[in-house]
Amino acid sequence: MATATYPPPPPYYKLYKDYEKDPSSAPEPPPPIQGTYLLYGATYTTDDVLPSLEDQGVRQLYPKDPNIDFKKELRALNRELQLHILELADVLIERPSQYARRVEDISLIFKNLHHLLNSLRPHQARATLIHILELQIQRRKQAVEDIKRRREEAQRLLKEAVGTLEGQ
């Protein structure tokens, strides 16, 4: 049995046989997927929309106002989480058989915290992009200043060399 180091190319390579002579002879790439699609048995969508907690069947613990104060709500949920964890510790000590409701409450708080944090992701991405672009601008300005400094140094050295040659 003979084995090859590399497998043969896929059969559609023949579609590109005249590409060197005529690049427009290659087939067009498929259009981007729009809407929903199925992948490995799960349905996905191309829309980047964060589903609401109600759509996920979870009770929302913070106001539904579009102009929400994220810092205030995150702090309030964090305090509530701390309180519920302490209550869970008390329940586990005094009535261990009744812990399930407290765990469900803590799970609900975590889901609300997670949803609030996920709703901040676009802002975080925008701020990160702004920071990266500002760093690039700063590096480029430094590179320009370095080039100017080196050019002035080269001009100075050339003037010295010309002066030395004329003085001989």
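Just so you know, these numbers come straight off a predicted model, no measurement behind them. (Residues numbered from 1 in each chain as written. Predicted model: local features only at pLDDT ≥ 70, side-chain atom pairs only at ≥ 80, totals over all residues. Heavy atoms only, no water.)

(A) Main features of the UniProt feature "coiled-coil region" (unreviewed entry) in the protein chain. UniProt feature "coiled-coil region" (unreviewed entry): in the numbering of this structure it lies at residues 130-164. In this annotation, residues 130-164 is assigned 100% helix and 0% strand; the end-to-end C-alpha distance for the span is 51 Å. (UniProt positions renumbered as here; feature names shortened; annotations may be inferred. Helix = DSSP H or I, 4+ residues; strand = E, 2+ residues; numbered from the N terminus.)

(B) Just the layout of surface pockets, in detail. Considered as a void within the structure, the largest pocket measures approximately 210 Å³ in volume. For the largest pocket, the lining is made up of 14 residues, of which Q60, Y62, D65, H115 and S119 are closest to its centre. The dominant element in the lining of the largest pocket, judged by the number of residues it contributes, is helix α2 (residues 100-119), at three residues. A class-by-class count of the residues in the lining of the largest pocket yields seven nonpolar, four polar and three charged. (1 Å grid on protein atoms, 1.4 Å probe; cavity = no way out; pocket = protein on both sides within 12 Å on 5 of 7 lines; lining within 4 Å. Points joined across faces, edges and corners; volume = space filled by probe spheres on them. Nonpolar A, V, L, I, M, F, W, Y, C, P; charged D, E, K, R; others polar.)

(C) Looking closely at a nonpolar patch on the surface. On the surface, a nonpolar cluster with roughly 460 Å² of combined accessible area is contributed by Y12, L15, Y16 and Y19. By secondary structure assignment, the location of Y16 is in the segment before β1 (36-39). (Patch = residues over 30% accessible without salt bridge, like charges linked within 9 Å, V, L, I, M, F, W, Y side chains within 5 Å. Areas by Shrake-Rupley, 256 points an atom, 1.4 Å probe, with all protein chains shown as cover. Salt bridge = Lys/Arg side-chain N within 4 Å of Asp/Glu carboxyl O.)

(D) Quick peek at helix α1 (residues 70-94). Its 25 residues place the ends of α1 36 Å apart at the C-alpha level, agreeing with the 36 Å of an ideal helix rising 1.5 Å per residue. Taken together, the buried positions of α1 are occupied by E73, L74, L77, L81, H84, L88 and V91. Contact partners of the buried residues in α1: α2. (Expected span 1.5 Å × (residues − 1). Buried < 20%, exposed > 50% of the residue type's maximum accessible area, 1.4 Å probe, protein only. Contact = heavy atoms within 4.5 Å.)

(E) Molecular detail of the pattern of salt bridges. Enumeration over the complete set of coordinates arrives at six salt bridges. E87 is the salt-bridge partner of R102, the closest N and O atoms lying 3.1 Å from each other. Of this pair, R102 sits in helix α2 while E87 sits in helix α1; the two residues are 15 residues apart in sequence, bridging distant segments of the chain. By relative accessible area, R102 is classed as buried at 16%.

(F) Spotlight on the nonpolar core. If you look at the biggest cluster of nonpolar residues, it comprises 13 residues, and the most contacted ones within it are Y62, L77, L81, I109, L113 and L116. Broken down by element, this core gets its largest block of residues, five residues, from α2. (Core = buried A, V, L, I, M, F, W, Y, C linked by side-chain atoms within 4.5 Å.)

(G) α2, seen in detail. Here α2 spans 29 Å end to end across 20 residues, near enough to the 28 Å set by a 1.5 Å rise per residue. For α2, the set of buried residues is R102, D105, I106, L108, I109, N112, L113, H115 and L116. In this fold, the buried residues of α2 make contact with α1.

(H) Quick look at the pairing of strand β2 (residues 42-45). Pairing of β1 with β2 involves four bridges; the strand directions are antiparallel. Its bridge partner being in β2, Y37 is matched across the sheet by Y44. Hairpin connection, β1 to β2: the antiparallel pair is bridged by two residues, and Y40 has positive phi, about 55°. (Pairing = 2+ DSSP bridges.)

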